[in-house]
Amino acid sequence: MDYVLTLLTSIMAGLGKTLSLFAICLIVSLPLGFGITMMLRSRVRPVKAIAEIYVYILRGTPLLLQLFFVYFGLPFIPGIGKVLMFDRFTAACVAFALNYAAYFAEIFRGGLLAINDGQYEAAKVLGLTRGQTMLHIIIPQMIRVSLPSVSNETIVLVKDTALVTAIAVPEIMYYAKGAVVRDADTTAFIVAGGIYLVINFVITLIFKQLEKKADF
């Protein structure tokens with residue numbers, strides 16, 4: 001028991017980095033994803049094409065590969081490589097935010113497609129502008145429809161934060177792996193798994209409350 005408590009104390013040293021990466025990714029990727037959704041619905045073909053290519057590449061390649069590219073690859077780009085040299089944590093935030101923005105964009109797009117076209121026509125009859133229609137009618141409904149999928153993707157995000165141990169960001173799995181290597185004992189992985197379960201339990205409760213308030 002003392003060994004488990006020691007492990008817990010050691011591994012919890014990485015909790016701050018894990019939660020920071022999680023929070024930064026959500027704060028950046030949610031609005032960025034919505035912006036990409038708007039680009040996907042644009043009538044300007046080049047704008048729509050750029051968004052489609054972005055989503056295709058970011059969803060079609062592994063997040064770990066994108067993480068390696070941002071941290072190891074960007075500095076080698078001729079001319080601007082020096083500007084794109086990030087520390088480990090910043091590189092992780094950039095890679096995760098760009099990746100999850102693509103997924104949230106598709107979730108929001110699906111939420112918009114679920115809204116009946118009659119809503120737009122009704123708003124037009126009432127004399128609402130396109131901006132007012134989106135802000136007061138369409139977006140609130142899109143959020144209600146998208147919440148379950150956003151909840152699921154958020155839980156996946158918590159688990160994906162473990163990938164940053166590949167570039168030595170000192171988060172939960174970094175310390176757990178170090179303990180396993182040091183002690184030749186896999187108990188640290190079980191402790192780390194318990195921490196992730198607790199985090200996701202709290203997130204699940206939060207989203208359930210949000211869904212209840214949205215009349216699900």
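Look above for the structure.
Computed from a prediction, not measured in an experiment: that's the story for all the values here.

The end-to-end C-alpha distance of helix α7 (residues 130-160), which contains 31 residues, comes to just 37 Å, noticeably less than the 45 Å that a straight helix rising 1.5 Å per residue would cover. Helix geometry: α7 is bent most strongly at serine 146, by close to 50°, with proline proline 148 lying one to four residues after it.

Structurally, alanine 122 is set in helix α6 (residues 117-125). With 57 residues separating them in the primary sequence, alanine 122 and leucine 65 have C-alpha atoms 46 Å apart.

With the rule as written, the count across this model stands at eight aromatic pairs. Aromatic pair phenylalanine 96 and tyrosine 100: ring centres 6.4 Å apart, planes at 15°, arrangement stacked. One end of the pair is phenylalanine 96 and the other is tyrosine 100, both in helix α5 (residues 88-113) and four residues apart, which spans about a single turn. With 6.3 Å between their ring centres and 45° between their planes, tyrosine 100 and tyrosine 103 make a pair best called tilted. Pair noted here: tyrosine 100 and tyrosine 103 are both in helix α5, with a separation of three residues, about one helical turn. Taken together through their ring pairs, the aromatic side chains of Phe34, Phe96, Tyr100, Tyr103, Phe104 and Phe108 make up a single cluster. Its guanidinium or amino end placed over the ring of phenylalanine 89, lysine 17 lies 4.5 Å from that ring's centre, counting from NZ or CZ.

This next bit is on the nonpolar core. By size, the foremost hydrophobic cluster in this structure holds 51 residues, and its most contacted members are Phe96 and Ile172. For this core, the elements supplying multiple residues, two or more each, are α1 (2-11), α2 (15-40), α4 (63-73), α5, α6, α7, α8 (172-183) and α9 (187-213). When residues in this core are grouped by element, the largest group, eleven residues, is from α5. Here isoleucine 172 is in contact with Ile11, Gly14, Leu15, Thr18, Ala192, Ile195, Tyr196 and Ile199, once residues within four sequence places are set aside. In terms of nonpolar packing, the next biggest core, distinct from the first, is built from nine residues, Ala51, Tyr54, Leu58 and Ala101 among them.

Looking now at the side chain of glutamate 171. Residue position: glutamate 171 is located in the loop between α7 and α8. Although glutamate 171 is buried, it forms no salt bridge, and the closest oppositely charged side chain is lysine 177 at an N-O distance of 9.2 Å. Reaching out from glutamate 171, the side chain makes a polar contact with the backbone nitrogen of tyrosine 174 at a distance of 2.8 Å. Residues within four places of glutamate 171 in sequence aside, it is in contact with Gly14, Lys17, Thr18, Thr161, Ala162, Val164, Thr165 and Tyr196.

Take unusual backbone geometry next. A positive phi is found at alanine 168, a non-glycine position, where the angle reads about 65°. Relative to the assigned elements, alanine 168 resides in the loop between α7 and α8. Residue alanine 184 is not a glycine yet carries a positive backbone phi of 55°. As for its placement among the helices and strands, alanine 184 is situated in the loop between α8 and α9.

Another point: the environment of cysteine 25. One can find cysteine 25 in helix α2. Separated by 78 residues in the primary sequence, cysteine 25 and tyrosine 103 have C-alpha atoms spaced 12 Å apart. Other than its neighbours up to four places away in sequence, cysteine 25 contacts Leu30, Phe96, Ala97, Tyr100 and Leu157.

The rules behind these values
Residues numbered from 1 in each chain as written. Predicted model: local features only at pLDDT ≥ 70, side-chain atom pairs only at ≥ 80, totals over all residues. Heavy atoms only, no water. Helix = DSSP H or I, 4+ residues; strand = E, 2+ residues; numbered from the N terminus. Expected span 1.5 Å × (residues − 1). Bend = angle between axes of the 7 residues up to and from the residue. Phe/Tyr/Trp six-rings, centres within 6.5 Å; stacked < 30°, edge-to-face > 60°. Lys NZ or Arg CZ within 6 Å of the ring centre and 35° of its normal. Core = buried A, V, L, I, M, F, W, Y, C linked by side-chain atoms within 4.5 Å. Buried < 20%, exposed > 50% of the residue type's maximum accessible area, 1.4 Å probe, protein only. Contact = heavy atoms within 4.5 Å. Lys, Arg positive; Asp, Glu negative; His and termini not counted. Salt bridge = Lys/Arg side-chain N within 4 Å of Asp/Glu carboxyl O. Polar contact = N/O pair within 3.5 Å; in protein donor to acceptor, adjacent residues only side chain to side chain.

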